[in-house]
Amino acid sequence: KTHPCDWTNCKGSIVMGLHTTFGKLVVANWHGKRAGTESMDRVHEFEDAVGAIQRIQPYRGKKLVVFGGDINVRSWMGDKNDPLPIDPVRSYTGEELWEEIPDILGYAQWTMDKHLTGEDGIDDKIRKGLSKEPLYQAKGWNTLCPTKTKTKERFRVKEVKEWDGSFNKGVFGKKKR
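Residue positions are given per chain, counting from 1 as you read along its sequence in written order. Note on the predicted model: pLDDT of at least 70 is required for a residue's local features to be given, and 80 or more for side-chain atom pairs to be given and counted; whole-chain, interface and lining totals, by contrast, use all residues. Note that water and hydrogens are dropped before the side-chain values are worked out from all heavy atoms of the structure.

A. Representation of the overall build of the chain within the structure. Of the regular secondary structure elements, the chain holds four helices and five strands. Per-residue accessibility, obtained with a 1.4 Å probe over protein chains only, is compared with the maximum for each type, and a residue is labelled buried under 20%, exposed over 50%, and partly exposed between these values. Looking at the chain as a whole, 28% of its 177 residues qualify as buried. Secondary structure follows DSSP: runs of H or I at least 4 residues long count as helices, runs of E at least 2 residues long count as strands, and numbering of each begins at the N terminus.

Listed below in C-alpha cells is the structure:
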C-alpha cells in the first residue's frame with residue numbers, strides 16, 4: 001500500500017483465494033494511487049496486484065478471477081497548448097469519452113486493456129502471465145458511468161499552498177498537516 005495511509009482512504013491491494021465446488025475463486029480489489037495521467041507508481045501497484053492474483057493456484061483445474069476497485073486512472077484532458085476536442089460542460093458516457101481519450105493506466109499510451117492482456121507492462125513475468133491468461137474488463141463497463149463535469153474550463157490550474165509546518169487535529173484527534 002502507499003503511504004501515508006489515512007484511515008478512510010488507503011491505497012493498495014487485497015487479494016484472496018477461496019475454494020469452491022467450481023474451482024478457485026480469486027477476489028481482488030485495488031485502490032490505485034492518485035496522480036496525473038502518467039504514474040509509474042500506479043503501474044507498479046497494478047502489476048503487484050496482478051502478481052498476487054497470478055500466484056494463487058487453480059483448484060480442481062479451474063480459477064475464476066474477479067478483480068476491481070478504484071483504479072484512479074487519470075485521462076489526459078488537455079492543457080493550455082493542446083486542448084482536447086470535447087465539450088467540457090457536457091457529460092459523456094465512458095464509451096463516448098474513450099472514443100476521444102484512451103484510458104491510460106499510468107504510462108504513455110499503455111491502456112488498461114493493453115495491460116490486462118499483457119501487451120504492455122514493466123515486469124516481464126507479469127506480462128507473460130497476462131498474455132497466457134489475460135484478464136478482461138467487464139462487458140458493458142464503458143456504458144455504466146457517465147463522466148462528472150467538474151469544471152466548465154478545458155483544463156484546471158490548481159495553486160498549492162506550501163505547508164507552514166503547523167498541524168491541525170483531524171476527526172479522531174489525529175494530527176494532520
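Read on for the rest.
B. Examining unusual backbone geometry more closely. In the Ramachandran plot, R60 falls in the positive-phi region, its phi being about 55° despite a non-glycine side chain. Structurally, R60 is set in the loop between α1 (40–55) and β3 (63–70). Look at R60 and you get exposed, because its relative accessible area is 60%.

C. Spatial organisation of the packing of aromatic side chains. Under the pairing criterion, centres of Phe, Tyr and Trp rings, with the six-membered ring standing for Trp, must be within 6.5 Å; the plane angle then separates stacked pairs below 30 degrees from edge-to-face pairs above 60, leaving the rest tilted. Counted by the stated rule, this structure contains three aromatic pairs. Ring centres of W30 and F46 lie 5.7 Å apart, and the angle between their planes is 55°; on these two criteria the pair is classed as tilted. Note that W30 is positioned in strand β2 (residues 24–31) and F46 in helix α1, a separation of 16 residues in sequence. For F46, a relative accessible area of 1% puts it in the buried group. Site record: aromatic cluster; members linked through ring pairs are W30, F46 and F67.

D. Molecular detail of a nonpolar patch on the surface. The patches reported here contain residues having more than 30% relative accessible area and no salt bridge. Joining distances are 9 Å for like charges and 5 Å for nonpolar side chains (Val, Leu, Ile, Met, Phe, Trp, Tyr). In these tables, accessible area is a Shrake-Rupley quantity obtained with a 1.4 Å probe, and a residue counts as shielded only by the protein chains included in the view. Salt-bridge detection follows one rule: a side-chain nitrogen of Lys or Arg within 4 Å of a carboxyl oxygen of Asp or Glu. A cluster of nonpolar side chains, M16, L18, F22, V27, L64 and V66, forms an exposed patch at the surface whose accessible area comes to about 490 Å². Elements with a minimum of two residues in the nonpolar patch: β1 (12–19) and β3. Secondary-structure assignment places F22 in the loop between β1 and β2.

E. Expanded view of the pattern of salt bridges. Per the stated rule, a full pass over the model turns up one salt bridge. Among the salt bridges present, the one from D124 reaches R127, with a minimum N-O distance of 3.1 Å. In this pair, D124 and R127 both sit in helix α4 (residues 124–132), three residues apart, roughly one turn of the helix. Its relative accessible area of 46% is what places D124 among the partly exposed residues. A relative accessible area of 28% places R127 in the partly exposed class.

F. Region of interest: the environment of A138. Position of A138 among the secondary structure elements: in the loop between α4 and β4 (168–169). Among the residues examined, A138 registers a relative accessible area of 53% and is labelled exposed. Between the alpha carbons of A138 and G68 there is a distance of 9.6 Å; along the sequence they are 70 residues apart.

G. Layout of the sheet that holds β2. One requirement defines pairing of two strands: DSSP has to find at least two bridges between them. A sheet is described by the order of its strands in space; here three strands give the open sequence β1-β2-β3, paired in mixed fashion. In this open sheet, the two strands that pair with only one neighbour each are β1 and β3. The average angle at which neighbouring strand axes cross in this sheet is 15°, direction not considered. Bridging between β1 and β2 involves eight bridges; their strand directions are antiparallel. Its bridge partner being in β2, G12 is matched across the sheet by H31. Any pair of residues with heavy atoms lying within 4.5 Å of one another is described as a contacting pair. Each axis is a line fitted through C-alpha atoms, taken for helices only over the stretch in contact, and angles between the N-to-C directions span 0 to 180 degrees. Most of the contacts of α1 go to β3, to which it runs at about 155°, and overall it touches β1, β2 and β3.

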